[in-house]
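# Structural overview
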Amino acid sequence: QVQVVESGGGLVQAGGSLRLSCAASGRTFSIDVMGWYRRAPGKQRELVAAVSRSGTTTYANTVKGRFTISRDNANNTVYLQMNSLKPDDTAVYYCNAAVLVPRSRDYWGRGTQVTVSS
């Protein structure tokens, strides 16, 4: 089993920055990909950014150039640095830890609220 806990959400004005953190515990050696998803009011959950164990990253087009995901394998932590925030970034952000082998499993945090005021 893997547990993940997010921190770092809050209220920020448009143009501001926030950094989210996600700490994983348990069978962390089994984690392949860690990522951030978000769910805005009335919308489906979407991938924001993800990073593999080797450091390969992927981003949603809407956040490219503004958000940066990084991973500290030694401390089983993933970060999401969010700059130039927009009101459309307002959502609950969820951390995900994905195990791919021997069978695919996803572990989710409870989420952290990010609110960007205009």
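Model, not experiment: these values are computed from the prediction.

## Some remarks on the state of the cysteines
The full count for this structure, using the stated rule, is one disulfide. The disulfide that involves Cys22 links it to Cys95, with 2.0 Å between the sulfurs. Measuring handedness by torsion sign, the sulfur bridge of Cys22 and Cys95 sits at about -80 degrees and is left-handed. On the criterion of sequence distance, the pair formed by Cys22 in strand 3 (residues 18-26) and Cys95 in strand 9 (residues 91-99) is long-range, its members being 73 residues apart. Each member of the pair, Cys22 together with Cys95, is buried.

## Comments concerning the nonpolar core
Among the nonpolar cores identified, the biggest contains 30 residues, and Trp36, Val48, Phe67, Val78, Leu80, Met82 and Tyr93 are the most heavily contacted of them. Looking at this core, the elements with two or more residues in it are strand 1 (2-7), strand 3, strand 4 (33-39), strand 5 (46-52), strand 7 (67-72), strand 8 (77-82), strand 9 and strand 11 (112-117). Per-element tally for this core: the top contributor is strand 9, with five residues. Ignoring anything within four residues of it in the chain, the contact list for Phe67 reads Arg38, Val48, Tyr59, Leu80, Gln81, Met82, Asn83, Leu85, Asp89 and Tyr93.

Basis of the calculations
Residues numbered from 1 in each chain as written. Predicted model: local features only at pLDDT ≥ 70, side-chain atom pairs only at ≥ 80, totals over all residues. Heavy atoms only, no water. Disulfide = S-S within 2.5 Å. Helix = DSSP H or I, 4+ residues; strand = E, 2+ residues; numbered from the N terminus. Buried < 20%, exposed > 50% of the residue type's maximum accessible area, 1.4 Å probe, protein only. Core = buried A, V, L, I, M, F, W, Y, C linked by side-chain atoms within 4.5 Å. Contact = heavy atoms within 4.5 Å.

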